[in-house]
Amino acid sequence: GAGDETGEPVGCVTGYVRSERPDTRLVWQVAVDEAHRGCGLAGALLDGLAARVARQHALTAVETTITPGNTASERLFAAFAERHGATVERTVLFEAGDFPDGPHEPEVLHRIGPLSP
Ligand SMILES: CC(C)(COP(=O)(O)OP(=O)(O)OC[C@H]1O[C@@H](n2cnc3c(N)ncnc32)[C@H](O)[C@@H]1OP(=O)(O)O)[C@@H](O)C(=O)NCCC(=O)NCCS
């Protein structure tokens, strides 16, 4: 997480590592308070998380799902890949019609790797 000058939280990143893929960090959600967006905070959160995880065990890739049209998220993860000398591989995980409870935005899996620190 990240806080402002008063200590109020303004951003957070959540994720996990699956036991069968210990080299891959799944980023579940990244969110930054509207008033604090566009300052590089989300990028810094992702870098901090990757560095912390990499100190604990070898980390070679980060995965996340992004809804097409979420430009800020797409740029965020593309920039993260560039900073770490990695490429982004995109595969459609769920099409709009795959959701049993009616149409839903598609989800595209972004796999970023191989990571260098
Ligand atoms: C996505 C989100 C976390 C980005 O946070 P942020 O702190 O503003 O991001 P950064 O300042 O680190 O910017 C990351 C990149 O996105 C770009 N970007 C940020 N906001 C943008 C916008 N509204 N439109 C286009 N590009 C944008 C930045 O220019 C930067 O790209 P660059 O390095 O190529 O210039 C934030 O917009 C957010 O909380 N959105 C709502 C929640 C969400 O959709 N989360 C993702 C799904 S879980």
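Going by the structure above, here's the rest.
Going along each chain's sequence as written, the residues are numbered from 1 onward. Since the coordinates come from a predicted model, pLDDT governs what is reported: local features require at least 70, and pairs of side-chain atoms require 80 or more to be given and counted, while whole-chain, interface and lining totals use all residues. Just so you know, side-chain values use all the structure's heavy atoms and leave hydrogens and water out.

> Could you give me a rundown of the overall build of the chain, with the residues and numbers involved?
Numbering of helices and strands starts at the N terminus; helices are DSSP runs of H or I of at least 4 residues and strands are runs of E of at least 2. Helices and strands together make up the secondary structure of the chain, namely two helices and six strands. Listed N to C, the secondary structure of the chain is β-β-β-α-β-α-β-β in terms of helices and strands. Only the C-alpha atoms count toward the radius of gyration. The rule for a globule is 2.2 Å times the residue count to the power 0.38. The C-alpha radius of gyration of the chain comes to 15 Å, within 12% of the 13 Å expected for a compact globule of 117 residues. Seen through its principal axes, the chain has C-alpha atoms that stretch 45 × 35 × 25 Å. Here, residues are in contact when the closest pair of their heavy atoms is within 4.5 Å. A separation of at least 24 residues holds for 56% of the contacts in the chain among residues at least 6 apart in sequence. Only carbon and sulfur atoms are counted for the fraction: they give 53% of the accessible area of the chain, which is about 7400 Å². The chain carries 10 positive and 17 negative side-chain charges, and their two centres are separated by 8 Å. Calculation of accessible area relied on Shrake-Rupley with a 1.4 Å probe; when residues are assessed, cover is drawn exclusively from the protein chains displayed. Only four residue types enter the charge count: Lys and Arg as positive, Asp and Glu as negative, with His and the chain ends excluded. To locate a charge, the coordinates of NZ of Lys, CZ of Arg, CG of Asp or CD of Glu are taken.

> Quick rundown of the site of the ligand? Include the residues and the values.
One heavy atom within 4 Å of a molecule or strand is enough for the residue carrying it to be called near that molecule or strand. Not every one of the 19 residues close to the ligand is listed here, only the nearest: Val30, Val32, Gly38, Gly40 and Ala42. Pairing of N or O atoms within 3.5 Å defines a polar contact, subject to two protein rules: one partner must be a possible hydrogen donor and the other a possible acceptor, and residues neighboring in sequence count only if both atoms are side-chain atoms. Taking Cys39, its main chain carries an N or O atom lying 3.3 Å from an oxygen atom of the ligand. At 3.1 Å from an oxygen atom of the ligand is found a side-chain nitrogen or oxygen belonging to Asn70. Taking 930 Å² as the accessible area of the ligand by itself, protein coverage stands at 66%. Counting residues per element, the ones that place at least two in the shell around the ligand are strand 3 (24–32), helix 1 (41–56) and helix 2 (71–83).

> Can you tell me about the pairing of strand 3, naming the residues and giving the values?
Between any two strands, pairing holds if DSSP finds at least two bridges. Direction of pairing for strand 2 (residues 9–17) relative to strand 3: antiparallel, over a ladder of seven bridges. Paired with Tyr16 across the strands is Leu26, a residue of strand 3. If you look at the hairpin formed by strand 2 and strand 3, you'll find six residues sitting between the two strands. Judged from the three bridges that link them, strand 3 and strand 4 (residues 61–66) form a sheet pairing that is parallel. Considered in strand 4, the bridge of Leu26 is made with Glu63.

> Explain unusual backbone geometry to me, and be specific about the residues and the numbers.
Looking along the chain, the bond that leaves Gly113 and enters Pro114 is cis, with omega of -15°. Note that Pro114 resides in the segment after strand 6 (107–113).

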